[in-house]
Amino acid sequence: MGVLDGIRVLDYGRFIAAPWCSAILADMGADVLRVEKRTGGEDRWVQSVTDGGEGGTFLQCNRNKRSLTLDSTTAEGTRITRELVASADIVIANMPAAGMRASGLDYETLRAIKPDIILASATAYGEGGPYSDRIGFDGAGQVMSGAVYRQGLPEQPIRTVVPYADFGTALTLAIGVMMALYHRDRTGQGQHVEGALLPTALMLSNAFLIERDLLGVDKPRMGNRGASVAPCDLYRTADDQWVLLQIAGQPMFKRWCALVGRGELFDDPRFADDDLRWRHGDVLNDIMADWCADKTKAEVLTALQNAKLPAAPMLSTQEVLEDPHVAAMGYLNRVPFPGAAKDVPIIETPFRLSETPGTIRHRAPLLGEHTDEVLTDLGYDAAQIDRLRADGIV
């Protein structure tokens, strides 16, 4: 039994922030209905990996959901939307406020239909400011948070390829939804939960902003080297592999000095604390690079692990798929999908509960796969459903 069994969610989300939030709820047992236009949401077809055109991120973010196609711009579609809302506990969407109002998904419209409804909305910048009507993807949060200004090469800022603002917003939105459900259980009141890419990115880069505001400085872009400690970098090994090492604190630094045969560095005033080590990081990183240069990746990792220093190998995507720890922990679940060359490796629920764990019960839905089922549950008979389909409503 899932902890959210009996909770019904209408998912109007696209791409990542809203769909991954609702996927987490679905993993925990909620009945999540993805509502799409008849040609499919744009996010369904990005980064295609199947014969049908579905993309990798879509397969990840929409497991455990059902799919209804609906033209909600029509009078009949609006009526069906109202019926769906009346039977739901949560509505999730990501679009600017103007788009929410145009689609009848703004909070005032929803709670007029169902007073205790919970609306969870994700936007790029949040509501109430001069940027609120702008649209934006993950990169907007990254570049406007100060993070990209601080990362990359000295002559080239580099955006992170992993969409962390999107996925981070999904996680914070899911936390907000659970708080709202807890509040509703105690008071009977619904509410509007808001998440946005920019504040999520600001949360993750907040230390940079604090440093700038209090000290009036920005540290330079340094590639893979540490932002506040040293030695810290990706180091090339003799077999042309890469190993990450991050040293922080006096005990760890002392063990590193002994490992590389440079015990005198521990008493060197240039390296007396983390901040000083960062300022003279080129010296320490060069020493570590030289130490790794004549050793294989396996030799480097064994030595660092024996010295109880935090190190990790850089894995290729194929190596991740073959990693024994990933396999032993079951982090990637193999899920069949029509038109995929083989079962798809889908990340499990990103947290584990001992009594009510999340589960991937079924694959992401095909476009409109559950339309008839959903409409039947609303009381439509076969003839009415055929008419809706003939009229282009579903």
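Shown above is the structure to which this text applies.
Residues numbered from 1 in each chain as written. Predicted model: local features only at pLDDT ≥ 70, side-chain atom pairs only at ≥ 80, totals over all residues. Heavy atoms only, no water.

1. Here's the deal with the pattern of salt bridges
In plain terms, the rule: The term salt bridge refers to a side-chain nitrogen of Lys or Arg lying within 4 Å of a carboxyl oxygen of Asp or Glu. Here the term buried applies to any residue with accessible area under 20% of the maximum for its type, exposed to any over 50%, and partly exposed to those in between, with areas from a 1.4 Å probe on protein chains only.
With the rule as written, the count across this model stands at 34 salt bridges. The partner of Arg-212 in a salt bridge is Asp-218, with the nearest N and O atoms 3.4 Å apart. By relative accessible area, Arg-212 is classed as partly exposed at 41%. For Asp-218, a relative accessible area of 31% puts it in the partly exposed group. Several salt bridges converge on common partners, so that one network encompasses Arg-8, Asp-31, Arg-66, Glu-373 and Asp-377.

2. Considering unusual backbone geometry
Going by this rule: Numbering of helices and strands runs from the N terminus, with a helix taken as a DSSP run of H or I at least four residues long and a strand as a DSSP run of E at least two residues long.
A cis geometry characterises the amide bond from Ala-230 onward to Pro-231, with omega recorded as -5°. Of note, Pro-231 is situated in the loop between helix 10 (206-215) and strand 9 (232-236). For Phe-15, which is not glycine, the phi dihedral falls at a positive 65°. Position of Phe-15 relative to the elements: it lies in the loop between strand 1 (8-12) and helix 1 (17-27).

3. Here's the deal with helix 11 (residues 250-259)
As a reminder, the rule being used: Think of it as the arc spanned by the lines of direction from the helix axis to the C-beta atoms. Residue contacts follow a heavy-atom distance rule, with two residues in contact if any of their heavy atoms lie within 4.5 Å.
All of the buried residues along helix 11 are Met-252, Phe-253, Trp-256 and Cys-257. Looking straight down helix 11, one finds that the buried residues subtend no more than 140° of arc, so they occupy a single side. Along helix 11, exposed side chains directed more than 90 degrees from the buried face belong to Pro-251, Lys-254 and Ala-258. On the buried face of helix 11, the contacting elements are strand 10 (242-246), helix 12 (274-279) and helix 13 (281-293). The first or second residue beyond helix 11 is Gly-261, which carries a positive phi of 70°.

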